[in-house]
Amino acid sequence: MKVAVFSTKPYDRHFLDAANAAYGHELVYLEPLLSSNTASLTSGFPAVCLFVNDTADAKTLDILAANGTKLIALRCAGFNNVDLKRAAELGITVVRVPAYSPYSVAEFAVALLLTLNRKIHKAYNRVREGNFALDGLAGFDLHNRTVGVIGTGKIGFIFAEIMKGFGCEILGYDLHPNPKFAEAVGRYVELSELLSSADVISLHCPLTPGTRHLIDREAIALMKPGAMLINTSRGALVDTEAAIEGLKSRQIGALGLDVYEQEADLFFEDLSNEIIQDDVFERLLMFPNVIVTGHQAFLTTEALSNIAETTLANIAEVEQHRHCVHEVKAEQQVALAKALA
Ligand code: NAD
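Residues numbered from 1 in each chain as written. Predicted model: local features only at pLDDT ≥ 70, side-chain atom pairs only at ≥ 80, totals over all residues. Heavy atoms only, no water.

Draft legend 1. The overall build of the chain, seen in detail. Per the secondary structure count, the chain includes 13 helices and twelve strands. For 341 residues, the compact-globule formula gives about 20 Å, and the C-alpha radius of gyration of the chain, at 21 Å, lands near that figure. Along the three orthogonal principal directions, the C-alpha set of the chain runs to about 60 × 50 × 35 Å. The buried share of the chain, reckoned over its 341 residues, is 48%. Contacts spanning at least 24 positions in sequence make up 66% of the contacts within the chain whose residues lie at least 6 apart. Surface accessibility of the chain: about 16,400 Å² in total, with carbon and sulfur atoms responsible for 53%. Side-chain charges of the chain comprise 29 positive and 41 negative groups, with the mean position of each set lying 2 Å from the other. (Helix = DSSP H or I, 4+ residues; strand = E, 2+ residues; numbered from the N terminus. Rg over C-alpha atoms; globule rule 2.2 N^0.38 Å. Buried < 20%, exposed > 50% of the residue type's maximum accessible area, 1.4 Å probe, protein only. Contact = heavy atoms within 4.5 Å. Areas by Shrake-Rupley, 256 points an atom, 1.4 Å probe, with all protein chains shown as cover. Lys, Arg positive; Asp, Glu negative; His and termini not counted. Charge placed at Lys NZ, Arg CZ, Asp CG, Glu CD.)

Right under this line is the structure:
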């Protein structure tokens, strides 16, 4: 099938081209993000392939339908950027990649935690400048510490298992407890108990109307003073301004973010020659005990290869009029929002 691949980065191209040897789709790589301003580029493409910051709202979908597009293949798990109801009305099928490598994200959360705890980010710079002093580099043993995991699904469960391997006590909070977690990894508690008992808190639940600013001023006030907070899930789970206050008062001892509330204006682009206008983001970067990465937790060769393979298989199934198990329907979006709100 002829596919317009939006917001293409070099690594997308590399992994999609490799996987496409087995499918033979006609992939046309486009750098712009999909929006109503760029939707005219879909003319002549029965399929488009999108990532997290492409926007397929009603206005954009109308242009896609007029251009003859019948399929949106998301190369990501989330589908909050597609108006599924409008897509269904226009007869556009939407497919996604529900899972690609939960290990990639769980392991990255551990990397942020270890870097912040043992100050590797500071040590790296010091040694390069010939400064071998150790002042200010002390961390703490993870053994016997308490780690709180909010969201114990695919990624949260693996993160919890890894931290258990460090000898930590694991506390979990989830709207839908995972029996495997309670059997073998940790103990479920109320959110307030998790917040007040954990030395490290890691977020692994999805962003829904019910989880937006889950970590707000009240939640931060409940945290153990000096606790570390890690967010590799979605930026808006954390009220960033409240987190900055928490860092200033030292209620938050360290903050590791791979995601940020306003990341769509910043992430995935090289802005090194620009003046960043987001003062909240810039303030975050001023703290010595904050690490921000640009939504890279998923970026492993295994994950990229799985994403490419599933995306192209989804397209082939739809092209051959076979049932695609990874199709997402409008009812699913409504049901998911209701269930998780
Ligand atoms: P999953 O669906 O397997 O697990 C999510 C868990 O969160 C489920 O157990 C669910 O019951 C729980 N949950 C839902 N609402 C909750 C609430 N209000 N409070 C507590 N728990 C709640 O998803 P997953 O594959 O483990 O992914 C988790 C999140 O990781 C995704 O939602 C996504 O936002 C994020 N993610 C980030 C990256 C990255 O590169 N940084 C990549 C992939 C996924």
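And the narrative resumes.
Draft legend 2. Layout of the nonpolar core. Ranked by size, the top nonpolar core spans 77 residues in total, and within it Ile 72, Ile 150, Ile 201, Ile 215 and Leu 255 carry the most contacts. Here this core takes six residues from helix 12 (residues 301-319), the largest share from any one element. Among the domains, domain 1 (2-100 + 301-340) and domain 2 (102-292) are the pair contributing at least three residues each to this core. By size, the runner-up hydrophobic cluster in this structure holds 26 residues, among which are Ala 109, Leu 113, Met 163 and Val 200. (Core = buried A, V, L, I, M, F, W, Y, C linked by side-chain atoms within 4.5 Å. Domains from an automatic or database assignment.)

Draft legend 3. Here's a closer look at the domain arrangement of the chain. When cut into domains, the chain gives domain 1 (2-100 + 301-340) and domain 2 (102-292). One C-alpha centre belongs to domain 1, the other to domain 2; they are set 30 Å apart. Taken residue by residue, the interface counts eleven residues in domain 1 and twelve residues in domain 2. Carbon and sulfur atoms supply 61% of the area that domain 1 and domain 2 bury against each other, a total of about 950 Å² over both sides. At the junction of domain 1 with domain 2, the criterion picks out one salt bridge. Residue Lys 9 is joined to Glu 269 by a salt bridge in which the shortest nitrogen-to-oxygen separation is 3.1 Å. The interface formed by domain 1 and domain 2 includes two residue pairs in polar contact (both at pLDDT 80 or more). Taken together, the residues of the side of domain 1 that touches domain 2 sort by class into nine nonpolar, one polar and one charged. (Buried area = accessible area lost by both parts, 1.4 Å probe. Salt bridge = Lys/Arg side-chain N within 4 Å of Asp/Glu carboxyl O. Polar contact = N/O pair within 3.5 Å; in protein donor to acceptor, adjacent residues only side chain to side chain. Nonpolar A, V, L, I, M, F, W, Y, C, P; charged D, E, K, R; others polar.)

Draft legend 4. A look at helix 2 (residues 58-66). Regarding helix 2, the residues found buried are Thr 60, Leu 61 and Leu 64. Buried residues of helix 2, viewed axially, fall in a sector of 95°; they line one side. In this structure, helix 2 carries Lys 59 and Ala 66 as exposed residues pointing more than 90 degrees from its buried face. Of the surrounding elements, those touching the buried residues of helix 2 are strand 3 (47-50), strand 4 (71-74) and helix 3 (84-89). Note on helix 2: the residue one or two positions beyond its end, Gly 68, has a positive phi of about 95°. (Arc of directions from axis to C-beta.)

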